[in-house]
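Analysis of the macromolecular model
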Amino acid sequence: ELKVEQNPLFLSMQEGKNYTIYCNYSTTSDRLYWYRQDPGKSLESLFVLLSNGAVKQEGRLMASLDTKARLSTLHITAAVHDLSATYFCAVVSGNNNDMRFGAGTRLTVKP
Amino acid sequence: GAGVSQSPRYKVAKRGQDVALRCDPISGHVSLFWYQQALGQGPEFLTYFQNEAQLDKSGLPSDRFFAERPEGSVSTLKIQRTQQEDSAVYLCASSLGRLAGEQYFGPGTRLTVT
């Protein structure tokens, strides 16, 4: 069974600092997604990573995928308050359409 | 353009009542997914449609849960004889293709069973 683990689950950062969120998954996958969720809102797609070594960047966020290690990272550079949200990684295995989500990382960026 | 919409946004039901939650996917999207998100948790897969065909319902937690998409567009998730443990946000998502490509999520329906 595909399992997805994120850490940390809670992250409090100072503005301007860097940090990395980790997403590990248990079985082979060729598709990994990162989503952002603001309180009371739905999920917003951030990145889709489709191949080993894939790296994508948008603003202060950069996501990477290592399929051999079954690991994706979401790196935050010079955090700002607007990045405060919950970040989820999600993995789809093989031809299955069952997308499994991690428990989420609740990020708070403090001034 | 219009995104995925869901209605109602909030629903309070007494235990034992039946509820019906509606999802309007993005026009032309082949795939439609339902998820259940408990408070403080990630979304959990419930079921998947490709057009009108329900190809995977392995995530439905009990036979009280039923989903349909009769014309391959709008979908309804029905929960019969609601229980307190059914309280959650129910998210609908759609994607253009047949496999789980980028999914676009609706705002969700927050169900509270009292």
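Counting of residues starts from 1 at the beginning of each chain's written sequence and follows it residue by residue. Ligands are numbered from 1 and chains lettered from A, in the order in which they are written. The predicted nature of this model means local features are confined to residues of pLDDT at least 70 and side-chain atom pairs, given and counted, to a pLDDT of 80 or more, with totals for whole chains, interfaces and linings taken over all residues. The basis for every side-chain value is the complete set of non-hydrogen atoms in the structure, without hydrogens or water.

**A look at the overall build of chain B**
- For helices the rule is a DSSP run of H or I covering at least 4 residues; for strands it is a run of E covering at least 2, with both sets numbered from the N terminus onward. Along the backbone of chain B there are zero helices and eleven strands.
- Seen in sequence order, chain B has helices and strands lined up from the N terminus as β-β-β-β-β-β-β-β-β-β-β.
- It is over C-alpha atoms that the radius of gyration is taken, and the globule rule equals 2.2 Å times the number of residues to the power 0.38. In terms of overall size, chain B behaves like a compact globule, its C-alpha atoms giving a radius of gyration of 13 Å where 114 residues would be expected to give roughly 13 Å.
- Any two residues having at least one pair of non-hydrogen atoms within 4.5 Å are treated as being in contact. Long-range pairs, those at least 24 residues apart, make up 53% of the contacts in chain B with a sequence separation of at least 6.
- The protein chains shown are the only cover counted for residues, whose accessible areas, like all others here, come from Shrake-Rupley with a 1.4 Å probe. Accessible surface for chain B amounts to roughly 5600 Å². Of this, 47% is attributable to carbon and sulfur atoms.
- Each charge sign in chain B was given a centre, from 12 positive and 11 negative side chains, and these centres are 6 Å apart. Think of it this way: Lys and Arg go in the positive column, Asp and Glu in the negative one, and His and the chain ends go nowhere. Each charge is placed at NZ for Lys, CZ for Arg, CG for Asp and CD for Glu.

**Focus: the sheet that holds strand E1 (residues 5-7) of chain B**
All names here are of chain B.
- Strands sit in the order E1-E3-E8-E7 across an open sheet of four strands; the sheet is antiparallel. Two strands lie at the open edges of the sheet, namely E1 and strand E7 (65-68), each paired on one side alone. Averaged over all pairs of adjacent strands, the angle between their axes in this sheet comes to 15°, without regard to strand direction.
- By the convention used here, strands pair only if DSSP detects at least 2 bridges between them. Of the strand pairs in this sheet, strand E3 (residues 19-24) and strand E8 (residues 75-79) are connected by five bridges, and their pairing is antiparallel. Across the sheet, Cys 23 pairs through a bridge with Ser 75, a residue of E8. Only the stretch in contact is used when a helix axis is fitted, and all axes are lines through C-alpha atoms; the angle between N-to-C directions ranges over 0 to 180 degrees.

**Here we look at the pairing of strand E4 (residues 31-37) of chain B**
Residue and element names in this part refer to chain B.
- With seven of its seven residues buried, E4 lies for the most part within the structure.
- Accessibility here uses a 1.4 Å probe with only protein chains present; expressed as a share of the type maximum, an area under 20% marks a residue as buried, one over 50% as exposed, and anything in between as partly exposed. Taking every second residue as pointing to the same face, both faces of E4 are buried, with Ser 31, Phe 33, Tyr 35 and Gln 37 on one and Leu 32, Trp 34 and Gln 36 on the other.
- Pairing between E4 and strand E5 (residues 44-50): six bridges, direction antiparallel. Looking across to E5, one finds that Leu 32 is bridged to Phe 49.
- Between E4 and E5, which pair antiparallel in sequence order, lie six residues; one of them, Gly 40, sits at a positive phi of approximately 75°.

**Some points on the state of the cysteines**
- Put simply, a disulfide is two cysteine sulfurs that come within 2.5 Å. Tallied over the entire structure, the rule returns two disulfides over all chains.
- Disulfide partner of Cys 23 of chain A: Cys 89 of chain A, at an S-S distance of 2.0 Å. Taking the sign of the S-S torsion, 80° for the link of Cys 23 of chain A and Cys 89 of chain A, the bridge is right-handed. Of this pair, Cys 23 of chain A sits in strand E3 (residues 19-25) while Cys 89 of chain A sits in strand E9 (residues 85-92); the two residues are 66 residues apart in sequence, bridging distant segments of the chain. Of the two residues, Cys 23 of chain A and Cys 89 of chain A, neither departs from the other in class, the shared state being buried.
- Two residues share a disulfide in this structure: Cys 23 of chain B and Cys 92 of chain B, whose sulfurs sit 1.8 Å from each other. Judged by the sign of its S-S torsion, about -65°, the cystine formed by Cys 23 of chain B and Cys 92 of chain B is left-handed. You can see Cys 23 of chain B sitting in strand E3 and its partner Cys 92 of chain B sitting in strand E9 (residues 88-95), a full 69 residues away along the chain. You'll find Cys 23 of chain B and Cys 92 of chain B in the same group, each marked buried.

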